[in-house]
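In case you want the letters, here they are:
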Amino acid sequence: MKIMLVDDEPVFLEQLKELIVRIASEEGPYSFEIIAECYSGQMALDQIPFLIPDVIITDIKMSAMDGIELAHKVQQRWPSTAVIIISGFSTFDYARDALRANVEEYLLKPIEADAVRSVLLRIQERLMNKTYSRSKEILQLILESKRNASLPELIQERLFPYSNYGLLIVPDHDFSIDNDLLLPQSLSTEKSYYSKAKSYLDEQEELWVLRTKSRRELAILIGFHTDSALKLHNLLPFSQHHFMNKGLSPSIAYSDNLIHLADINIIQQKLIDELYKNLVIGEPKFISLADFSEPLHDDFLIKADEVEQLSLYLNKSDWKQIKKLIYHLFQNWGSKKTPLLYLEKNVKSIVRLLEQQLPPIDIVTSKTLEIRIEEICFVSSSFSETADSFWDLIIHVFQPQVQESDSGALLFQQIESYISSHLKEALTLGDLMKHFHISSSYLCNLFRNNSGKSFVEYITALRVEKAKSLMLNYPSMLLKDISEIVGYQDHHYFSRVFKTVVGTTPKEFKNMN
């Protein structure tokens, strides 16, 4: 935190300087820094545009321009700069004038170290929160931009004073499927990660939990001062354990020596590419950009003779052999540890063959098939689970004449009943998996097959419909109470979700009806 001292008495200025230096030494080397000592209010005003102090500590009685007048001018031109006035006058008039000037604190002489420390720490905490929010907004914009973004030197110096950076890309199972606006509960995992991961860093180092443009991954950027390789080495296993999803640890792609912030957009995309080229179902790993080697593409892709064999069985409508071949293919891909990128390509190739040789399906179903395939592959914990879910998808979409026992409709009725009675709670896929003892991919299929929606789309629509019903039937009920009843503790978040689904805010909907 940068401090400017203002007093026309050199002796008192020196005493004040010694006091703040002592406080800074007790609080840490990076806590408080005196950047200027000014002997008049006008001298301070001349230097502020070039130094941009966070705090100005000024005496109240000075020749030419007193502390109150200086505070007024500072608040008019630089409202984010806090002003602390030190006064030898305890009369109400002076204190009132200080309040009118929006002064942060009015301290009486003789000044006490604890009083100065207390107000400086309060300002520092506020500045840190404000600075962090601003720096996170800037970084998110850089990640989502289509080209490199250079930062002004002053912003670089004030918000990003780090010698180098590390970048982690972590696939996010919850956000990969649905719009992140619809699952506010998922944000708690990020907040928890931030508070715990900070313990791996020095006091003046920082990290930001961001989102890639696709919203399918978390991008964790860490600003280092020293020992970046060692700290990142310790952060990787912690991150993998923290973001474990439904008992499955994620693979993480990382770069440990990023010097320029302008490069994070390019590095981010490279890491995402390498992540999915190397990500294997059920095989969590750390993927470094430094030691990446290109996998053998052809070895992972479905073979021409396998496609011919499948086509032959389709012509004969031999679904017993089709099922046997599909399960054999998944077993073979699993033994080769086929990366997710190539697994998706293989499965989509099979679907295209089915669409070509079977009676046509409606265009809406056809368009959602790719989304469902990505969903199945992404949330599965093993190749055998993926095979089961894919076969279940084939049965539901293409409806071949095969004998398959299907208890899915009955199970989905039980799930619907459970959700209705627990709508107020922060329900997740993991909760349903645990309660009904089923896999995540099978559960995703159940929602798609029986409701035409994903889990999040289904539960959000249910909550919004219940909210609409409460508004219509109980017009005097507060929107805050309605949001809690339908499962949103933050009523501002509920309003954003409601507007996303309905097209109007809850208040507008209530007034219209």
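Since we're looking at a predicted model, the values are computed, not measured. (Residues numbered from 1 in each chain as written. Predicted model: local features only at pLDDT ≥ 70, side-chain atom pairs only at ≥ 80, totals over all residues. Heavy atoms only, no water.)

Topic: the overall build of the chain
For the chain, the helix and strand inventory stands at 23 helices and 10 strands. Whereas a compact globule of 513 residues would reach a radius of gyration of roughly 24 Å, the chain reaches 30 Å, over 25% beyond that. Viewed in the frame of its principal axes, the chain has a C-alpha envelope of about 100 × 60 × 35 Å. As presented, the chain carries roughly 25,600 Å² of accessible surface, and 52% of it is formed by carbon and sulfur atoms. Put simply, the chain has 54 plus and 69 minus side-chain charges, and the middle of one group is 5 Å from the middle of the other. (Helix = DSSP H or I, 4+ residues; strand = E, 2+ residues; numbered from the N terminus. Rg over C-alpha atoms; globule rule 2.2 N^0.38 Å. Areas by Shrake-Rupley, 256 points an atom, 1.4 Å probe, with all protein chains shown as cover. Lys, Arg positive; Asp, Glu negative; His and termini not counted. Charge placed at Lys NZ, Arg CZ, Asp CG, Glu CD.)

Considering the sheet that holds strand S7 (residues 206–211)
The pairing of strands in a sheet happens through backbone hydrogen bonds and is either parallel or antiparallel. Across the sheet, five strands lie side by side as S7-S8-S6-S9-S10; this open sheet has mixed pairing. Edge positions in the open sheet fall to S7 and strand S10 (286–288), since each of these has one partner strand only. Shown here is a sheet whose adjacent strand axes are inclined to one another by a mean of 20°, direction ignored. By the bridge criterion, three bridges tie strand S9 (residues 252–258) to S10 in an arrangement that is parallel. (Pairing = 2+ DSSP bridges. Axes fitted to C-alpha atoms, helices over the stretch in contact; angles between N-to-C directions.)

A short note on the nonpolar core
Formed by 60 residues in total, the largest nonpolar core has its most connected members in Phe160, Leu221, Leu343 and Phe390. When residues in this core are grouped by element, the largest group, eight residues, is from helix H16 (residues 383–398). Not counting chain neighbours up to four residues away, the residues in contact with leucine 221 comprise Leu139, Tyr165, Gly166, Leu167, Glu206, Leu207, Trp208, Leu258, Leu261 and Ile264. (Core = buried A, V, L, I, M, F, W, Y, C linked by side-chain atoms within 4.5 Å. Buried < 20%, exposed > 50% of the residue type's maximum accessible area, 1.4 Å probe, protein only. Contact = heavy atoms within 4.5 Å.)

Topic: helix H17 (residues 408–421)
Counted at 1.5 Å a residue, the expected span for H17 with its 14 residues is 20 Å, and the 20 Å between its end C-alpha atoms agrees. For H17, the secondary structure elements touched by its buried residues are helix H18 (429–436), helix H19 (440–451) and helix H20 (455–473). (Expected span 1.5 Å × (residues − 1).)

Some details on the packing of H17 against H19
Two elements in contact, H17 and H19, have axes whose closest approach is 10 Å; the angle formed by their N-to-C orientations is 95°. Overall, the two elements H17 and H19 adopt an arrangement that is roughly perpendicular. Residues Gly408, Ala409, Leu411, Phe412, Ile415 and Ile419 of H17 form the contact with H19, whose participating residues are Tyr442, Leu443, Leu446, Phe447, Asn450 and Ser451. Split by residue class, the contact of H17 with H19 holds nine nonpolar, three polar and no charged. (Parallel < 35°, antiparallel > 145°, perpendicular 65-115°, else oblique. Nonpolar A, V, L, I, M, F, W, Y, C, P; charged D, E, K, R; others polar.)

Some words on the side chain of arginine 117
Here arginine 117 lies in helix H5 (residues 113–144). Not counting the four nearest positions on each side in its chain, arginine 117 is found in contact with Ile23, Glu26 and Glu27.

Things to note about the environment of glutamate 137
Note on placement: glutamate 137 falls in helix H5. Spatially, the C-alpha atoms of glutamate 137 and methionine 62 are 41 Å apart, while their sequence positions differ by 75 residues.

Quick word on the confidence of the model for the chain
Averaged over all residues, the pLDDT of the chain equals 85, while 91% of them reach at least 70. Below a pLDDT of 50 lies the segment residues 175–186, which in the model reaches 39 contacts outside its immediate sequence neighbourhood of four places, other chains included. (pLDDT = per-residue confidence, 0-100.)

Overview of the sheet that holds strand S4 (residues 82–87)
Here we have five strands laid out as an open sheet, ordered S2-S1-S3-S4-S5, and parallel in their pairing. Of all the strands in the sheet, just strand S2 (33–38) and strand S5 (105–108) have a single pairing partner and so form its edges. Between one strand axis and the next, the sheet turns through 20° on average, direction left out of account. Here strand S1 (residues 2–6) runs beside strand S3 (residues 55–59); their pairing, made up of four bridges, is parallel. Note that in S3 the partner of isoleucine 3 across the bridge is valine 55. Against the sheet, H5 engages S1, S3, S4 and S5, with an angle of about 170° to S4.

Some remarks on the packing of helix H15 (residues 363–379) against H19
Between H15 and H19, whose axes approach to 8 Å, the crossing angle comes to 155°. Regarding the angle of H15 to H19, the classification is roughly antiparallel. Note that H15 runs across H19; the crossing there is right-handed. Note on element contacts: H19 touches H15 through Ser440, Ser441, Cys444, Asn445, Arg448 and Asn449, opposite Ile371, Arg372, Glu375, Ile376 and Val379. In terms of residue class, the contact of H15 with H19 is built from four nonpolar, four polar and three charged. (Left-handed = near helix turned anticlockwise from the far one by under 90°.)

Considering the packing of aromatic side chains
Counting across every chain of the model gives 21 aromatic pairs. Taking the centre distance of 6.4 Å and the plane angle of 40° together, the rings of tyrosine 276 and phenylalanine 378 count as tilted. Taken together, the residues tyrosine 276 in helix H10 (residues 264–278) and phenylalanine 378 in helix H15 connect sequence positions 102 residues apart. Accessibility classification places tyrosine 276 together with phenylalanine 378 in one group, the buried group. Seen from their ring centres, phenylalanine 498 and phenylalanine 509 are 5.7 Å apart, and the 65° between their planes marks the pair as edge-to-face. (Phe/Tyr/Trp six-rings, centres within 6.5 Å; stacked < 30°, edge-to-face > 60°.)

Observations concerning the pattern of salt bridges
Counted by the stated rule, this structure contains 20 salt bridges. A salt bridge links glutamate 104 to arginine 122; its shortest N-O distance comes to 3.2 Å. Of the two residues, glutamate 104 is situated in the loop between helix H4 (92–100) and S5 and arginine 122 in helix H5; the sequence distance between them amounts to 18 residues. Ionic contacts of the salt-bridge type, sharing partners, join the residues Glu104, Glu105, Arg122 and Arg126 into one network. (Salt bridge = Lys/Arg side-chain N within 4 Å of Asp/Glu carboxyl O.)

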